[in-house]
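One letter stands for each residue in the lines below.
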Amino acid sequence: EKIENLRTLGFENPNKLINSMPSILSYKQESIKEKIENLKNLGFKNPNKLINATPQILGLNKDGVKNKAIFYDKISKLYELPMTGNNILENVSAAWGSKRMKVIIILSIYKELLTKEQINSNNLNRILIANLESTIIAYGDITKEGDLNFSNMITAVDKITKQKLSKEEKQRRILELKDRFPKIV
C-alpha cells in the first residue's frame, strides 16, 4: 500500500526511494503530498525528482526548505554564480546537507580559482562534498607552490583526503596557515 501511495504521488521508482530513506514508510501520504506542494510553491520545478535525488528533504519543514533557498540565493549573488538558489538546490545534492559556514568558507576559497565556465552543478557538488579542513590545507599547499587554478585545487584536495590525516594533524596544519590566510583560518 505504501509503495502504491508513493506511485500515486508521482514517484516512478518508490523502491529506490525507500532503499535510500527507509523512514519514508512512516510518513503519511498527505504529509508527503504537502511537502511536494510546498516545494512547488517555493518555485522548485520538479519536486519529485528533487526528493528522489535528496530524500532527506522530506525531513525538513517548510521554513527549513525556504531558508535553504534564501541562503543559496544570497550565496549566488554574493559569489556571482550563474544560477539561483533553487537551481543550486535542484542540481547540487550536497547543498542540502552542507553547513552554511562551510559553504561560505569553501566558496571564498574557490572564488579566485573558478572561471565562469567552470561554475556548474558538477563542480559545485564536488566542492561542497569535500572536507572543509582538507580544502583549507590544500589551498595552503597550492598557494605555496603558486599553481592556483581549479584543477590543481581539486587534485590537492583529493591528495590531502587520501592521506587520511587525523583530526589533530589537520588542526595543526590549519593553524600553520593562520598568518598567511587570516580571513579563512
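Residues numbered from 1 in each chain as written. Predicted model: local features only at pLDDT ≥ 70, side-chain atom pairs only at ≥ 80, totals over all residues. Heavy atoms only, no water.

(A) Looking closely at the packing of aromatic side chains. Counting across every chain of the model gives three aromatic pairs. For the ring pair Phe71 and Tyr72, a centre distance of 5.0 Å and an interplane angle of 75° mean the geometry is edge-to-face. Each of the two residues, Phe71 as well as Tyr72, counts as buried. (Phe/Tyr/Trp six-rings, centres within 6.5 Å; stacked < 30°, edge-to-face > 60°. Buried < 20%, exposed > 50% of the residue type's maximum accessible area, 1.4 Å probe, protein only.)

(B) Up close: the environment of Thr115. Note that Thr115 resides in the loop between helix H8 (100-110) and helix H9 (121-129). Considered as a pair, Thr115 and Phe150 are 35 residues apart in the sequence and their alpha carbons are 8.2 Å apart. (Helix = DSSP H or I, 4+ residues; strand = E, 2+ residues; numbered from the N terminus.)

(C) Structural context of the confidence of the model for the chain. For the chain, the mean per-residue pLDDT works out to 88, and 98% of the residues sit at or above 70. Within the chain, H9 has the poorest average pLDDT of any element, 87, and helix H3 (residues 29-41) the best, 93. (pLDDT = per-residue confidence, 0-100.)

(D) Geometry of the pattern of salt bridges. The tally for this structure, following the rule as stated, stands at six salt bridges. The partner of Asp141 in a salt bridge is Arg173, with the nearest N and O atoms 3.1 Å apart. Here the residue Asp141 occupies a position in helix H10 (residues 132-145), and Arg173 occupies one in helix H12 (residues 167-176), the gap between them amounting to 32 residues. Since its relative accessible area comes to 22%, Asp141 is described here as partly exposed. On the basis of relative accessible area, Arg173 is assigned to the buried category, the value being 17%. A salt bridge links Glu176 to Arg172; its shortest N-O distance comes to 2.2 Å. Of the two residues, Glu176 and Arg172 are both situated in helix H12; the distance of four residues between them amounts to about one turn of the helix. Residue classification places Glu176 among the exposed positions, given a relative accessible area of 52%. A single network of salt bridges, built from pairs that share partners, joins Glu169, Arg172 and Glu176. (Salt bridge = Lys/Arg side-chain N within 4 Å of Asp/Glu carboxyl O.)

(E) Representation of H3 within the structure. Helix length check: H3, at 13 residues, gives a terminal C-alpha distance of 18 Å against a target of 18 Å (1.5 Å per residue), a fit within 8%. Within H3, burial applies to Ile32, Ile36, Asn38 and Leu39. Looking down the long axis of H3, one finds its buried residues gathered within 160° of arc, a one-sided arrangement. Exposed side chains of H3 directed beyond 90 degrees from the buried face belong to Glu34 and Asn41. Tucked inside the fold, the buried residues of H3 contact helix H1 (2-8), helix H4 (47-53) and helix H5 (62-78). Immediately downstream of H3, the backbone of Gly43 shows phi near 95°, a positive value. (Expected span 1.5 Å × (residues − 1). Arc of directions from axis to C-beta. Contact = heavy atoms within 4.5 Å.)

(F) Looking closely at unusual backbone geometry. Within the chain, Glu80 stands out as a residue other than glycine whose phi angle is a positive 55°. Relative to the assigned elements, Glu80 resides in the loop between H5 and helix H6 (85-91). Look at Lys164: it is not a glycine, yet its phi comes out positive at around 50°. For Lys164, the position within the fold is in the loop between helix H11 (150-162) and H12. With relative accessibility at 73%, the residue Lys164 sits in the exposed group.

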